[in-house]
Amino acid sequence: MNYRMPKSFQWGVASAAYQVEGGWNAGGRGPSIWDTWCHKNNRVSGDNACFSYQRWREDVQLLKNLGVQAYRFSISWPRVLPTGRAPINQRGLDYYDRLVDALLQNKIKPFVTLYHWDLPQALEDTGGWQSRETAYAYADYARLMVERLGDRVTNWMTFNEIPTGIGKGYELGIYAPALKVKPKALALIYHHVLVAQGLGIRAMRAARPGQIIGIAHDPFTPVPVIEDAAHIKACAVAYERLNAYLMDPMFRGTYPKFLPVFPEVKTGDMKLVSEPLDFVGLNIYSGLYTEPGKDGYQLVKFPTHYPTSEGLDWLRFIPQALYWATRHVDERYGVKAIYITENGWSSDRQRDVADWCNDVDRILYLRCYLRELHHAISEGIPVRGYFLWSLLDNFEWASGYSKGLGLYYVNHKTGERRPKRSAGWYKTVVHANTVV
Ligand code: NOJ
């Protein structure tokens, strides 16, 4: 079987500002909720992360060496707007200006995420996502970025992983800003984020028509444990039940009737929150095995020794998840274009004596997942590109630096980068445009 991808397929890698930049108080940057979280916990800290604020030129060379056509990175909102609102901090913007220019000089297309969980602390202090005002601030920020960078950047993602960012940050209290709000307040938070997205898209399009705007979303991915008609049907029910609370308003402009609580919605909101996206990005790592059950579906329990990524118990080896993730979103919402905006695996960070990280488990994972993506494309599902998470071993949020999701090993004391075996493998894949 040949696993060649279409000619126009875009290969990329992904990262996020707070996880790689460091320079937390350099160049006039303001604090974000993650600075506050880290400094308070005094356990893990993204103060330096991967030193990309200083070493971005080297990162661009690594990308060039891999041969990727695209790089997904995020803008740190408090770096460009230290209080969350105008005026722009020119020194902060300069950083992204230079990065974008260097990428383009090396024929690498920037895909920019506007919000990867690092809300300016000043906005959290006035209510954060519990306040509708934050949605207006977001739209201004999005507009400013398109005004300043949109002459060179055309691909944007409004938000990264709303369910994880909000769920862990505002419901479970394990990510910044570490709140545990009640269900009604939580529904309103999600609604405000959707309002922000709608306002943002409108502002971006008004500022500069022709921008290509999507989202990096992380829906649950039910996978039929047996691929027969009954299981596939159960899977579609599971997809709706687990994801429609956010995806129905976003793609259909309605909240599903089965929700236990609804947010308060203002006139015009449902049109606003369903402002059309040009593409949907999917961050897919794992899946949920599903079978028919009393609610139309039920989840299948995993045995204790099911293959799971080193140290991240949610990251299970389920290659079919990449196929089903694209098929579900295509079938239920009929989106125009799909990108895999993240996919990856954490491998042991130990390097062996030869100074070479033998992350063959990552190679196995990526190969199997990408072959399932090829399967989706061969069925006509409009997948346009793939971003591997991540370029570097970076700051994995509450897990700090213990995880190794990068193609490059990073020494977090010095910032030194070294390729792992998977970097060589990915380079071969990109070069051949084929999953080898
Ligand atoms: C998704 C998040 O977007 C990213 O920030 C995180 O590092 C990866 N998952 C791996 O957990």
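Whatever comes next refers back to the structure up there.
Residues numbered from 1 in each chain as written. Predicted model: local features only at pLDDT ≥ 70, side-chain atom pairs only at ≥ 80, totals over all residues. Heavy atoms only, no water.

## Looking at the overall build of the protein chain
Consideration 1: Helix and strand counts for the protein chain come out as 14 helices and 13 strands.
Consideration 2: The C-alpha radius of gyration of the protein chain comes to 21 Å, within 12% of the 22 Å expected for a compact globule of 436 residues.
Consideration 3: Reported as C-alpha extents along the three principal axes, the dimensions of the protein chain are approximately 60 × 55 × 45 Å.
Consideration 4: For the protein chain, the proportion of its 436 residues judged to be buried stands at 61%.
Consideration 5: Element-wise, carbon and sulfur atoms account for 53% of the exposed surface of the protein chain, whose accessible area totals about 17100 Å².
Consideration 6: Taken as two groups, the 51 positive and 43 negative side-chain charges of the protein chain have centres that lie 2 Å from each other. (Helix = DSSP H or I, 4+ residues; strand = E, 2+ residues; numbered from the N terminus. Rg over C-alpha atoms; globule rule 2.2 N^0.38 Å. Buried < 20%, exposed > 50% of the residue type's maximum accessible area, 1.4 Å probe, protein only. Areas by Shrake-Rupley, 256 points an atom, 1.4 Å probe, with all protein chains shown as cover. Lys, Arg positive; Asp, Glu negative; His and termini not counted. Charge placed at Lys NZ, Arg CZ, Asp CG, Glu CD.)

## Overview of the site of the ligand
Consideration 1: All residues in the neighbourhood of the ligand are listed as Gln19, His116, Trp117, Asn160, Glu161, Asn283, Tyr285, Trp314, Glu342, Trp389, Glu396 and Trp397.
Consideration 2: In the model, an oxygen atom of the ligand is placed 2.9 Å from a nitrogen or oxygen of the Asn160 side chain.
Consideration 3: Glu342 places a side-chain nitrogen or oxygen 2.8 Å from an oxygen atom of the ligand.
Consideration 4: Relative to its free-state accessible area of 300 Å², the ligand is covered by the protein chains to the extent of 96%.
Consideration 5: Taken together, the residues of the shell around the ligand break down into 5 nonpolar, 4 polar and 3 charged. (Near = heavy atom within 4 Å. Polar contact = N/O pair within 3.5 Å; in protein donor to acceptor, adjacent residues only side chain to side chain. Nonpolar A, V, L, I, M, F, W, Y, C, P; charged D, E, K, R; others polar.)

## Notes on the environment of Ala376
Consideration 1: As for its position among the elements, Ala376 is in helix H13 (residues 360-378).
Consideration 2: A relative accessible area of 0% means that Ala376 is categorised as buried.
Consideration 3: Each C-alpha atom, one on Ala376 and one on Leu366, is 15 Å from the other, the two residues being 10 residues apart in sequence.
Consideration 4: Residue contacts for Ala376: discarding those within four places in its chain leaves Tyr323, Thr326 and Ile381. (Contact = heavy atoms within 4.5 Å.)

## Examining unusual backbone geometry
Consideration 1: In this chain, Ala86 is followed by Pro87 through a cis amide linkage whose omega measures 10 degrees.
Consideration 2: Put simply, Ala176 and Pro177 share a cis peptide bond, and its omega is 5 degrees.
Consideration 3: Of note, Pro177 is situated in the loop between helix H8 (162-171) and helix H9 (183-207).
Consideration 4: Of note in the backbone geometry, Phe51 takes a positive phi value of approximately 60 degrees without being a glycine.
Consideration 5: By the secondary structure assignment, Phe51 is in the loop between helix H2 (33-41) and helix H3 (52-66).
Consideration 6: By relative accessible area, which is 15% here, Phe51 ends up buried.

## Structural notes on the pairing of strand S3 (residues 109-113)
Consideration 1: With respect to burial, S3 is a largely interior element, 4 of its 5 residues being buried.
Consideration 2: When strand S2 (residues 70-74) meets S3, the two strands line up parallel, connected through 5 bridges. Across the sheet, Ser74 pairs through a bridge with Thr113, a residue of S3.
Consideration 3: In the sheet, S3 pairs with strand S4 (residues 155-160) via 3 bridges, with the strands oriented parallel. Across the sheet, residue Val112 finds its bridge partner in S4, namely Trp156. (Pairing = 2+ DSSP bridges.)

## Quick look at the packing of aromatic side chains
Consideration 1: Tallied over the full model, the rule gives 46 aromatic pairs.
Consideration 2: Their ring planes at 45 degrees and their centres at 5.7 Å tell us that Tyr289 and Phe302 sit as a pair that is tilted. Here the residue Tyr289 occupies a position in strand S8 (residues 288-291), and Phe302 occupies one in the loop between strand S9 (298-299) and helix H12 (320-333), the gap between them amounting to 13 residues.
Consideration 3: For Phe302, a relative accessible area of 22% corresponds to the partly exposed category.
Consideration 4: Seen from the ring of Phe258, Arg241 lies directly overhead, with NZ or CZ sitting 4.2 Å from the centre. (Phe/Tyr/Trp six-rings, centres within 6.5 Å; stacked < 30°, edge-to-face > 60°. Lys NZ or Arg CZ within 6 Å of the ring centre and 35° of its normal.)

## Let's talk about the sheet that holds S8
To summarise the sheet geometry, strands pair through backbone hydrogen bonds and adopt either a parallel or an antiparallel arrangement.
Consideration 1: The strand order across the open sheet formed by 3 strands is S6-S8-S9, and the pairing between neighbours is mixed. At either margin of the open sheet sits one strand with a lone partner, and together these are strand S6 (222-224) and S9.
Consideration 2: Relative to S9, S8 runs antiparallel, the two sharing 2 bridges. By the bridge assignment, Glu291 is partnered in S9 with Gln298.

## Observations concerning the pattern of salt bridges
Consideration 1: Throughout the structure, instances matching the rule amount to 21 salt bridges.
Consideration 2: Measuring nitrogen to oxygen at the nearest pair gives 2.9 Å for the salt bridge that ties Asp35 to Arg29.
Consideration 3: Judged by its relative accessible area of 1%, Asp35 falls in the buried class.
Consideration 4: Beyond isolated ion pairs, a larger network of salt bridges with shared partners links Asp97, Asp101, Asp151 and Arg152. (Salt bridge = Lys/Arg side-chain N within 4 Å of Asp/Glu carboxyl O.)

## Details of the sheet that holds S2
Consideration 1: Ordered in space as S1-S2-S3-S4-S5-S7-S10-S11, the 8 strands form a closed barrel in which the pairing is parallel. Along the sheet, successive strands turn relative to each other by an average axial angle of 25 degrees, direction set aside.
Consideration 2: Running over the sheet, H12 touches strand S7 (279-283), strand S10 (338-342) and strand S11 (383-389) and is turned about 135 degrees from S10. (Axes fitted to C-alpha atoms, helices over the stretch in contact; angles between N-to-C directions.)

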